[in-house]
Amino acid sequence: MKKINYRKCRRKDLIPAARMIGISMNYLRRQSGMEPYPWRVREIPPLFNHLLKTDPDLTYCAWDGERLVGFGSALVRGKQWYLGHLFVLPRYQDNGVGRKLLEKVWADKPGMTHALCTFAFNMQAVGIYSKFGMTPLCDLPWMHGDPAKMKKLGSTGLKIIDTPTRADYKWLNELETKIRGYPHALEWKLWQKSEKHKVYIFTSRGKRIGYCQIVDKRMIAPLGVISKRYMTKVMTEAIRLAKPKKDGKINLWCPTLNIELYQFLIGIGFRADEMEIFMSDEPYPDWQRYVPATLAVV
Ligand SMILES: CC(C)(COP(=O)(O)OP(=O)(O)OC[C@H]1O[C@@H](n2cnc3c(N)ncnc32)[C@H](O)[C@@H]1OP(=O)(O)O)[C@@H](O)C(=O)NCCC(=O)NCCS
């Protein structure tokens, strides 16, 4: 193989990077007998732009001459290092490009944990991350519920705040420190600017007990509660609040370590479509109280 160059990513590289990810991911999906994603990139995905701004030293591209053949991006939030993306063009795989990109975006200091989510159907990815000290810790099936076929859910009696205040966000970030392991206020600031992201806070007897974000009226990600006894109630309300367009489905990644939640979702008619996994060198978050955000940030 020709010499591959590794350079920090620039804003203008993000569209070619996002297109390359589509090719790499859909090649993997076809190889694994799965439907390809409809992946069209007309503009820079907001999350890519955000991660390049927040972590400019941890976003790298691999180049074969003028051709972008690999992309890696990571984020550091406090002592949490997290891998957002790692993709290599199929023709360039198995030649050490992924490993080199991972080394470039790696960060470490005393007490720092390292984690990511990846496709359970790609053992090569699981393998490379395992060599960096991370272990598969929790399955995250991507699930869908069809509102037309699901059991109807009644109100739980929780009160819903649909326009959270600054004090609500402060509470949410404090809660995420406990249940997610680390707060990620920077991502909440990004999502707050987006019309597609809607946040709800739930209260019981005047006390905040949980929150959820609904993306595009259909995806519940993330969701958190102060105590596991509220998980089913808050999930019930989140499902009631999601309003996918006609024939659309409600989606989420359910941590299988939360047996009660997984069985609740299956019981009301959710189905598991495919499996992703959380890998880490430290066991976090508290999956009894946390349902992840988009897996590029968890
Ligand atoms: C996963 C991916 C990024 C890896 O990049 P790559 O350039 O192909 O990988 P590399 O050649 O750098 O390294 C692969 C490593 O995994 C190891 N490996 C492969 N299969 C393995 C297995 N089943 N178990 C353990 N290790 C395995 C290899 O031995 C190698 O490690 P080494 O360098 O120490 O020998 C790339 O294959 C890809 O883009 N795949 C499709 C998309 C994807 O799954 N991305 C991950 C999303 S989080």
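The rules behind the values
Residues numbered from 1 in each chain as written. Predicted model: local features only at pLDDT ≥ 70, side-chain atom pairs only at ≥ 80, totals over all residues. Near = placed C-beta within 6 Å. Helix = DSSP H or I, 4+ residues; strand = E, 2+ residues; numbered from the N terminus. Nonpolar A, V, L, I, M, F, W, Y, C, P; charged D, E, K, R; others polar. Pairing = 2+ DSSP bridges.

A.B. asks: Is there a simple way to think about the site of the ligand in this case?
C.D. replies: Around the ligand sit 24 residues in total, of which Q93, G98, R99, G127 and I128 are the nearest. Of all the secondary-structure elements, those providing two or more residues to the shell around the ligand are α1 (14-31), β4 (80-88), α3 (97-105), β5 (113-119) and α4 (123-131). Broken down by element, the shell around the ligand gets its largest block of residues, seven residues, from α4. For the shell around the ligand, the per-class residue count stands at 11 nonpolar, 10 polar and three charged.

A.B. asks: What should I look at first to understand the pairing of strand β3 (residues 67-77) in this one?
C.D. replies: Looking along a regular strand, one sees side chains alternate from face to face of the sheet. Relative to β3, strand β2 (residues 59-64) runs antiparallel, the two sharing six bridges. The residue of β3 that forms the bridge with Y60 is G72. If you look at the hairpin formed by β2 and β3, you'll find two residues sitting between the two strands, and G65 has a positive phi there, around 60°. Pairing of β3 with β4, which is carried by eight bridges, proceeds in the antiparallel orientation. By the bridge assignment for β4, A74 is matched with L83. Here β3 hands over to β4 after two residues, with G78 in that stretch at a positive phi of 65°.

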